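Residue-level structure breakdown
Single-letter residue listing:
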Amino acid sequence: MENEITTPNTNTESAPKKRMLSGIQPSGDLHLGNYLGAIKNWADRVNDYECYYFMADLHTITVRQDPATLRKRSLNQLAQYIACGLDPEKNVLFLQSHVPAHAQLAWVLNCYTMFGELSRMTQFKDKSAKHKDNINAGLFTYPVLMAADILLYQADYVPVGEDQKQHVEITRDIAQRFNSIYGDVFKVPEAFIPKAGARVYGLTTPGDKMSKSIPEGCVFIMDSPDEIARKFKRAVTDSDTEHCVRFDRENKPGVANLMNIYSAITGESFEEIEREFDGMGYGAFKPKVGEAVIEHLRPIREEAERLMADKAYLNEVYKNGAERASYIANKTLRKVYKKVGFYQLP
Ligand code: TRP
């Protein structure tokens, strides 16, 4: 049939890309677990999706912050993400507080979100147990702001970890509730569970995910080569008797973690690694992994340092990002204001 030849989906060039959006809390320096587990794969996403990423500083103040630290992290973290491969020309990178529509839509959505459904959110329950002295209203309405973040951009996909899936669920509920009253205003988004990267465990606690709360076992991308070497030298290996480099997650979690890191960086399989280090003890293996990590992170750290010192450039990235983001966000916000009955000036 003639029109089969011209059917739009045979022409992938013109098919619009689906939109993806995610927020990141500017809550500290990036580490090897963040990098190998997630960020390393983000650079390639722009081939298939239109990508929006923002630093969620509005969310961050639901837990008390030191203002100077928050300000510094908002810039440094941007530099680190760019250094890890997130290209600001190809992705829209911005700071949440630079786009007022987030707070504006959040207010409206607050009026379409039920007290009961917010009370059931597990993150609210966890965080209010952890910060008993500061169970503020922002912590309670956190998911509504997150819904606003997502719905403003009519995002198709929201890449999130397991712990944030419930927030995407409530976003869908809010969107559907609003749409059922006012018509199709919001795209109903889906959680996007990213292709799993390497799961990196703490160097001193190979039973737990690498975390900045245990800094001795956590390799930050900004760590100096000496620091990284020292952390790997002190990495916990296993007290098994065979004392050889063999992948056994169950019985040799420390060695398995190091092999996993080495594999993620070199692309070698576990068998290849076992062969490479055949006959070598842990004492020789640990610094080898450290060296591979040092060399891999070196250009990233140097680029991040360069960018952190170039405040004018980072400001420009944030300014451009906010402009591009605002354009889309304001379109949605105007529609919402009109739908709910806010009087518009001609
Ligand atoms: N709550 C997310 C987290 O802590 C961060 C976030 C804020 C977010 N707004 C978002 C994630 C919108 C995805 C979409 O990780």
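As the structure is a computational prediction, the values presented were derived from the model and not from experiment.

The next thing to look at is the site of the ligand. The ligand sits among 13 residues. The nearest are Gly23, His59, Tyr142, Asp149 and Gln164. Taking glutamine 25, its side chain carries an N or O atom lying 3.4 Å from an oxygen atom of the ligand. Here the ligand loses 88% of its free accessible area of 370 Å² to cover by the protein chains. Looking at the shell around the ligand, the elements with two or more residues in it are strand S1 (18-24) and helix H8 (137-152). Looking at the shell around the ligand residue by residue, the class counts come to seven nonpolar, five polar and one charged.

This part takes up the pattern of salt bridges. Tallying each qualifying case throughout the model produces nine salt bridges. Residue aspartate 223 is joined to lysine 231 by a salt bridge in which the shortest nitrogen-to-oxygen separation is 2.6 Å. An identical accessibility class is assigned to aspartate 223 and lysine 231; each is buried. The closest approach of N and O atoms between arginine 301 and glutamate 305, which form a salt bridge, is 3.7 Å. Of this pair, arginine 301 and glutamate 305 both sit in helix H13 (residues 282-308), four residues apart, which is roughly one turn of that helix.

For any two helices packed against each other, one specifies the crossing angle of their axes together with the interaxial distance. Between helix H7 (residues 122-130) and H8, the least distance of the axes is 9 Å, while the angle of their chain directions is 160°. By the angle between their axes, H7 is roughly antiparallel relative to H8. Taken as a pair, H7 and H8 cross one another with a handedness that is right-handed. On H8, the residues touching Gln123, Phe124, Lys127 and Ser128 of H7 are Leu139, Phe140 and Tyr142. For the contact of H7 with H8, the per-class residue count stands at four nonpolar, two polar and one charged.

The rules we used
Residues numbered from 1 in each chain as written. Predicted model: local features only at pLDDT ≥ 70, side-chain atom pairs only at ≥ 80, totals over all residues. Heavy atoms only, no water. Near = heavy atom within 4 Å. Polar contact = N/O pair within 3.5 Å; in protein donor to acceptor, adjacent residues only side chain to side chain. Areas by Shrake-Rupley, 256 points an atom, 1.4 Å probe, with all protein chains shown as cover. Helix = DSSP H or I, 4+ residues; strand = E, 2+ residues; numbered from the N terminus. Nonpolar A, V, L, I, M, F, W, Y, C, P; charged D, E, K, R; others polar. Salt bridge = Lys/Arg side-chain N within 4 Å of Asp/Glu carboxyl O. Buried < 20%, exposed > 50% of the residue type's maximum accessible area, 1.4 Å probe, protein only. Axes fitted to C-alpha atoms, helices over the stretch in contact; angles between N-to-C directions. Parallel < 35°, antiparallel > 145°, perpendicular 65-115°, else oblique. Left-handed = near helix turned anticlockwise from the far one by under 90°. Contact = heavy atoms within 4.5 Å.

Nothing here speaks to function; it is all geometry.
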